[in-house]
Protein chains: 2
Amino acid sequence: MKNRSSENTIKIIKTITEMKEVIKKYKKMNLSIALVPTMGYLHKGHLSLIEKAKENNDVVVVSIFVNPTQFGENEDYGVYPRNLERDSCLSEEAGADYVFKPSVEEIYPKGYNTYVKVEKITDKLCGASRPGHFRGVTTIVNKLFNIIEPNRAYFGLKDAQQVLVIMKMVEDLNLSTEIIPCPIIREKDGLAMSSRNVNLTKNERQIALVLSKSLFEAKDKVKAGERDLDKIVSNIKANIHNEPEITIDYVEAVNMLNLERIKLLEGKVLIAIAVKIAKVRLIDNIILEGN
Amino acid sequence: MKNRSSENTIKIIKTITEMKEVIKKYKKMNLSIALVPTMGYLHKGHLSLIEKAKENNDVVVVSIFVNPTQFGENEDYGVYPRNLERDSCLSEEAGADYVFKPSVEEIYPKGYNTYVKVEKITDKLCGASRPGHFRGVTTIVNKLFNIIEPNRAYFGLKDAQQVLVIMKMVEDLNLSTEIIPCPIIREKDGLAMSSRNVNLTKNERQIALVLSKSLFEAKDKVKAGERDLDKIVSNIKANIHNEPEITIDYVEAVNMLNLERIKLLEGKVLIAIAVKIAKVRLIDNIILEGN
């Protein structure tokens, strides 16, 4: 709230019914509502979203939900880091008014059977190696939008494909929420902020720097005039191959609209990387522009 | 509107943008909005929905959209009857404030790729013989709900499975619209009202009476104590088989919640019929209760 008093503390809401009632109240007052959907274990990337949300909206809701339907069977749903108390403190400091933390049982009750699916662009990049992942993402985001009816929702561009998929869902389903994509926030040494970074050992974390370094190198090459995206991609792959602990899932240069691979840099292009270091899946990307 | 003046005439809205703006205005005024989603060529069944909507809401929107994604390739999308002028007059007489008639090109623009799907209960009854039909229905209804944000939406129980599928979507996706199922409206001789009835010849229309007659007979048998649903279903099938012009798609007695077949009448049961007479697909049903 714009005029919040000094004794204000963040409110944690744990049921859909209560969340809907709070929203109803603010809607009647014609206040603008922002949603920052997260899986918790907040880092500075999330906090930058909350801060931006606070600047432009009356009420800021941070949702925290480790969404089982977007994890594959052998993925890290079980070990995904969780810490509600820490997340609530950080959300409050960043300016959030509410933390919405529903239970898995209320979000997906027995007999749950409805899914929202964006086709085509979800078959590429992360979608190719994580079948069902984006169906889980669009379903939970659609549900959160229906519960919270946000005027604006804030997403980090580290998950660039996720942002594009959600924008496509919003456009196709005529949703009224405006999607605000926000820049990747990086550690001082370049590593893209991710809740999964805490699962890296010190050594693995050092190795992971090859991702951001390769992307910055690509940027420099484009600045110097390189337009051949195959060369840029090969160069990134070669850098990563130098680190035997890393397995590449993909390195691709794609069109920002349909995620189709492109060979020649013209306009905006997304260079996206996904790898595994030990059991930790990491992604990173950069958007390059050819003049 | 509750206080509409005598010179009021119904407004026809043909774009999503304009519809959203009208809705925004009423939302700011905290008025309640009702949606009656139709494929047009309105009959007394639709009009009963509009009248009921008018009784309980401030603003009534009738949408008219022959939705291509819910028709199979060899179905009757092309010959589905259409008449906007007639529909607008009838909607106005019944108490509607707006007709929303978007174009196919705006609802499904080039590159459209997002679908809402309820699983399991959509595999049964009409879903079994019309693959993709209910995915088309839930997708268009979800879009209309996002555009019109209705407090209540009115559906006829002639399409009983459709009502149950939409209720499931609303529940699973946490939508805020209340679904109001309304009773089947019948011609004096018993034929369930349907826009498709105009595609029947006089003779076919006479033959079609076997559907409602068989359902009323089933009701009488239950009143007289019959609880064996296999017997009831067999009897309906035998009646229909007496009409050589009719092909049965299904006759089933199912649980109202999961649409699973049941054999013994306890609580509420849906007896549902789908047939083809010449090229016209007709459905009818009755809900029976075994005290």
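What you are looking at is a predicted structure, and each value in this text was computed from that prediction instead of being measured.

Caption draft 1: The interface of chain A and chain B, seen in detail. Of the residues lining the interface, 28 residues belong to chain A; the matching set on chain B comes to 28 residues. When chain A packs against chain B, the two sides together hide about 2400 Å² of surface, and 39% of this comes from carbon and sulfur. Area buried by chain A at its contact with chain B is led by A:Asn113, A:Thr114 and A:Asn174, which between them contribute 24% of it. Where chain A meets chain B, there are two salt bridges.

Caption draft 2: Here's a closer look at the relation of the copies chain A and chain B. Mapping chain A onto chain B calls for a screw motion: a turn of 180° about the axis and a shift of 0.0 Å along it, with 0.0 Å RMSD after fitting. Put plainly, the chains are arranged around a two-fold axis. Using C-alpha coordinates, one finds that chain A approaches the rotation axis most closely at A:Val116, a distance of 2.3 Å.

Caption draft 3: Examining the packing of helix α6 (residues 133–148) of chain A against helix α7 (residues 160–172) of chain A more closely. Residues and elements named next belong to chain A. Interaxial distance between α6 and α7 falls to 10 Å at its minimum, and their mutual angle equals 55°. Considered as vectors, α6 and α7 are oriented oblique to each other. In the crossing of α6 with α7, the sense of the turn from one axis to the other is right-handed. Counting all contacts with α6, which are made through Phe134, Val137, Thr138, Val141, Asn142 and Phe145, the residues of α7 involved are Gln161, Gln162, Val165, Ile166, Met169 and Val170. Looking at the contact of α6 with α7 residue by residue, the classes come out as eight nonpolar, four polar and no charged.

Caption draft 4: Molecular detail of the side chain of B:Thr122. All names here are of chain B. Mapping Thr122 onto the fold places it in the loop between β5 (114–118) and α5 (126–129). The exposure class assigned to Thr122 is buried, which follows from its relative accessible area of 9%. From its side chain, Thr122 meets the backbone oxygen of Val118 in a polar contact 2.6 Å long. The contacts of Thr122, once residues within four sequence positions are left out, are Gly127, Ala128, Phe134, Gln161 and Val165.

Caption draft 5: Focus on the pattern of salt bridges. Residue and element names in this part refer to chain B. A full pass over the atoms with the stated rule returns 26 salt bridges over all chains. In this structure, Glu75 engages Arg130 in a salt bridge whose closest nitrogen and oxygen atoms are separated by 2.5 Å. One end of the pair, Glu75, is in the loop between β3 (59–64) and α3 (84–94); the other, Arg130, is in the loop between α5 and α6 (133–148), with 55 residues separating them in the sequence. Residue Glu75 is classed as partly exposed on the basis of its relative accessible area of 29%. By relative accessible area, which is 9% here, Arg130 ends up buried.

Caption draft 6: Expanded view of the packing of helix α9 (residues 209–223) of chain B against helix α10 (residues 229–241) of chain B. Residues and elements named next belong to chain B. Running from N to C, α9 and α10 cross one another at 150°; their axes reach a closest spacing of 10 Å. With respect to α10, the axis of α9 lies roughly antiparallel. As for how α9 packs across α10, the hand of that crossing is right-handed. Taken together, the residues of α10 that come into contact with α9 (itself represented by Val210, Leu211, Ser214, Leu215, Glu217, Ala218, Lys221 and Val222) are Ile232, Asn235, Ile236, Asn239 and Ile240. For the contact of α9 with α10, the residue count by class is eight nonpolar, three polar and two charged.

Caption draft 7: Expanded view of the domain arrangement of chain A. Residues and elements named next belong to chain A. Domain boundaries assigned for chain A yield domain 1 (11–182) and domain 2 (195–289). For domain 1 versus domain 2, the distance between C-alpha centres works out to 26 Å. At the junction of the two partners, domain 1 supplies 21 residues and domain 2 supplies 19 residues. In total, domain 1 and domain 2 occlude about 1700 Å² of area from one another, counting both sides; carbon and sulfur atoms represent 59% of this. The interface formed by domain 1 and domain 2 includes two salt bridges. Of the charged contacts in the structure, one is a salt bridge between Arg196 and Asp76, with a shortest N-O distance of 2.7 Å. Here domain 1 is connected to domain 2 by seven residue pairs in polar contact (both at pLDDT 80 or more).

Caption draft 8: Region of interest: the environment of B:Ile207. Residues and elements named next belong to chain B. Its location among the elements puts Ile207 in helix α8 (residues 202–207). Each C-alpha atom, one on Ile207 and one on Pro244, is 9.5 Å from the other, the two residues being 37 residues apart in sequence. With near-sequence residues (within four places) excluded, Ile207 lies in contact with Glu243, Glu245, Ile246 and Ile277.

Caption draft 9: Region of the structure containing helix α7 (residues 160–172) of chain B. Residues and elements named next belong to chain B. Taking 1.5 Å as the rise per residue, α7 with 13 residues should run 18 Å; its terminal C-alpha atoms sit 18 Å apart, in good agreement. Burial within α7 is extensive, with 11 of its 13 residues counted as buried. Those residues of α7 lying buried are Ala160, Gln161, Gln162, Val163, Leu164, Val165, Ile166, Lys168, Met169, Val170 and Asp172. Note on α7: the residue one or two positions beyond its end, Asn174, has a positive phi of about 60°.

Caption draft 10: The sheet that holds β3(B), seen in detail. All names here are of chain B. What the six strands build is an open sheet, ordered β1-β4-β3-β2-β6-β7; its pairing is parallel. The strands lining the two open edges of the sheet, one partner per strand, are β1 (11–13) and β7 (178–182). Adjacent strand axes in the sheet meet at a mean angle of 25°, parallel and antiparallel pairs treated alike. Relative to β7, strand β6 (residues 152–156) runs parallel, the two sharing five bridges. Note on β7: the bridge partner recorded for Phe155 is Pro181. Packing of helix α2 (residues 44–56) onto the sheet brings it into contact with β2 (33–38), β3, β6 and β7, and relative to β6 it is tilted by some 155°. Sitting on the sheet, α7 is in contact with β6 and β7, with an inclination near 170° to β7.

About the criteria used
- Residues numbered from 1 in each chain as written.
- Chains lettered and ligands numbered in written order.
- Predicted model: local features only at pLDDT ≥ 70, side-chain atom pairs only at ≥ 80, totals over all residues.
- Heavy atoms only, no water.
- Contact = heavy atoms within 4.5 Å.
- Buried area = accessible area lost by both parts, 1.4 Å probe.
- Salt bridge = Lys/Arg side-chain N within 4 Å of Asp/Glu carboxyl O.
- Least-squares fit on C-alpha atoms with pLDDT ≥ 70 in both.
- Axes fitted to C-alpha atoms, helices over the stretch in contact; angles between N-to-C directions.
- Helix = DSSP H or I, 4+ residues; strand = E, 2+ residues; numbered from the N terminus.
- Parallel < 35°, antiparallel > 145°, perpendicular 65-115°, else oblique.
- Left-handed = near helix turned anticlockwise from the far one by under 90°.
- Nonpolar A, V, L, I, M, F, W, Y, C, P; charged D, E, K, R; others polar.
- Buried < 20%, exposed > 50% of the residue type's maximum accessible area, 1.4 Å probe, protein only.
- Polar contact = N/O pair within 3.5 Å; in protein donor to acceptor, adjacent residues only side chain to side chain.
- Domains from an automatic or database assignment.
- Expected span 1.5 Å × (residues − 1).
- Pairing = 2+ DSSP bridges.

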